[in-house]
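Here's the letter readout for the chains.
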Amino acid sequence: MTSLGTRSFYSIQQVSEMTNLSKQVIRKWEERYKLVQPIRLANGYRRYDDRDINLILSALTLTEQGYSIKQAAEIVKQENIVIEKVVHNSDLRQTKDLDSYVLKLLVEGEQCDELEMNAILQQAHLEYGLARFLKIVVQPFMLEVGYLWGSGRWDEFQESVASLIVRDFLVQLRRSHQSSPDAPLILGACLPYERHEIPLHIILLQFMMKGWRTILIGASPAAGSIEALVTKLKPEKVLLSAVTEMPFKKNPQLLDELDSFAMENNEIQFYLGGPGGVEFASGKKLAAIHVTDTIEKII
């Protein structure tokens, strides 16, 4: 990869690796369908930018949905107006605004290449800093992983490997940070039977950047462990997370039990987040737990 000013440029070999298309196909899409117009160096070598890659990926997505490459190329060249409508109507993920690091992670994630994914995460973190890294790399990448797995384009192993690599990287970031012992404490906890802990890692890192000490009870804690740790540590805030509704299906009284515990510890602020938690709590009257789908309400 080369850089001119603030723009990054890629060789056709790199584009091939990022899109899983052969160099011959990429050249064909360029010459026959005018899909992209890469810069030509003095020696004739092509150089593609992020927009070129996103155009190719958008066209590829449409061909996988039954469009001919000619139709797909015409759609994505129309200032992205029609592509947005097609992607929305067919419930496809849009790739045109994804950061180049996300695209690279998707390529290596499909191959389950742990070393390359770690290297990409490290480089992105070094370049962007923590706040931007979380916002434009980690969160979009995990959304794409969820879509690819949910749509059947990635299998369970690919989804699991990608998630574990991101989780372990975020754990390292949290562990390497030294907080003041006098800093306020927030405790994040997955609910029992809930195994999606990456959203909590992201939120706790965001709190960490604002000067908080953070502790995480990870995936599917034992019954009673949340209450025991809260009683022992007395944090200022407790964030309970349920991406799925599995915790409440396994124990329909769980939310009432936690709400009663929160009432007994009214000096602590309790929050419930995550799609599963927000959905299950919808319409329920809770005495002490605040239900939220945004970090701004917690901070």
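Refer to the structure presented above.
First things first, this report covers the structure right here in the doc. (Residues numbered from 1 in each chain as written. Predicted model: local features only at pLDDT ≥ 70, side-chain atom pairs only at ≥ 80, totals over all residues. Heavy atoms only, no water.)

1. Some details on the overall build of the protein chain
Line of reasoning, step 1. Summing up its helical and strand segments, the protein chain has 15 helices and nine strands in all.
Line of reasoning, step 2. For the protein chain, the proportion of its 299 residues judged to be buried stands at 47%.
Line of reasoning, step 3. Nonlocal contacts in the protein chain, meaning residues at least 24 apart in sequence, comprise 68% of its contacts between residues at least 6 apart.
Line of reasoning, step 4. Split by element, the accessible area of the protein chain, about 15800 Å² in all, is 49% carbon and sulfur. (Helix = DSSP H or I, 4+ residues; strand = E, 2+ residues; numbered from the N terminus. Buried < 20%, exposed > 50% of the residue type's maximum accessible area, 1.4 Å probe, protein only. Contact = heavy atoms within 4.5 Å. Areas by Shrake-Rupley, 256 points an atom, 1.4 Å probe, with all protein chains shown as cover.)

2. Concerning the nonpolar core
Line of reasoning, step 1. Counting residues in each nonpolar core, the largest one holds 58 residues, and the members touching the most others are Trp29, Phe133, Phe141 and Leu170.
Line of reasoning, step 2. Broken down by element, the residue count for this core peaks at 10 residues, all from helix H8 (residues 130–150).
Line of reasoning, step 3. Apart from residues no more than four positions distant in its own chain, phenylalanine 141 is found in contact with Val102, Leu105, Leu106, Met117, Ala162 and Val166. (Core = buried A, V, L, I, M, F, W, Y, C linked by side-chain atoms within 4.5 Å.)

3. Looking at the packing of helix H9 (residues 156–175) against helix H10 (residues 198–209)
Line of reasoning, step 1. Contact geometry for H9 and H10: axes closest at 10 Å, N-to-C directions at 25°. Taken together, the axes of H9 and H10 are roughly parallel relative to one another. For the pair H9 and H10, the crossing hand works out as left-handed. Contact with H9, carried on its side by Ser163, Val166, Arg167, Leu170, Val171, Leu173 and Arg174, involves Ile198, His201, Ile202, Leu204, Leu205 and Met208 of H10 and no other residues of that element.
Line of reasoning, step 2. For the contact of H9 with H10, the per-class residue count stands at nine nonpolar, two polar and two charged. (Axes fitted to C-alpha atoms, helices over the stretch in contact; angles between N-to-C directions. Parallel < 35°, antiparallel > 145°, perpendicular 65-115°, else oblique. Left-handed = near helix turned anticlockwise from the far one by under 90°. Nonpolar A, V, L, I, M, F, W, Y, C, P; charged D, E, K, R; others polar.)

4. Quick word on the pattern of salt bridges
Line of reasoning, step 1. Taken as a whole and assessed by the stated rule, the structure comprises five salt bridges.
Line of reasoning, step 2. Between glutamate 31 and arginine 46 there is a salt bridge, with its nearest N and O atoms 2.9 Å apart. With glutamate 31 in helix H2 (residues 23–33) and arginine 46 in strand E4 (residues 46–49), this residue pair connects regions lying 15 residues apart in the sequence.
Line of reasoning, step 3. A relative accessible area of 47% places glutamate 31 in the partly exposed class.
Line of reasoning, step 4. A salt bridge links arginine 167 to aspartate 168; the nearest nitrogen and oxygen atoms lie 2.8 Å apart.
Line of reasoning, step 5. Residue arginine 167 is classed as partly exposed on the basis of its relative accessible area, which comes to 25%.
Line of reasoning, step 6. Aspartate 168 sits in the partly exposed class, given a relative accessible area of 35%. (Salt bridge = Lys/Arg side-chain N within 4 Å of Asp/Glu carboxyl O.)

5. Topic: the pairing of strand E6 (residues 213–217)
Line of reasoning, step 1. Sheet analysis places strand E5 (residues 185–190) next to E6, joined by five bridges and oriented parallel. Bridged to glycine 188 within E6 is leucine 216.
Line of reasoning, step 2. The handedness of the E5 to E6 crossover, carried by H10, is right-handed. (Pairing = 2+ DSSP bridges. Right-handed = clockwise from strand over helix to strand, strands pointing away.)

6. Considerations on the pairing of strand E7 (residues 237–241)
Successive residues of a regular strand alternate their side chains across the two faces of the sheet.
Line of reasoning, step 1. Counting buried residues along E7, five of its five residues qualify, which places the element largely inside the surrounding structure.
Line of reasoning, step 2. The two faces of E7 match: Lys237, Leu239 and Ser241 on one face and Val238 and Leu240 on the other face are all buried.
Line of reasoning, step 3. As judged from the five bridges shared by E5 and E7, these two strands associate in the parallel manner. Counted as the bridge partner of alanine 189 is leucine 240 from E7.
Line of reasoning, step 4. Bridge count between E7 and strand E8 (residues 269–273): five bridges; the pairing is parallel. Across the sheet, lysine 237 pairs through a bridge with glutamine 269, a residue of E8.

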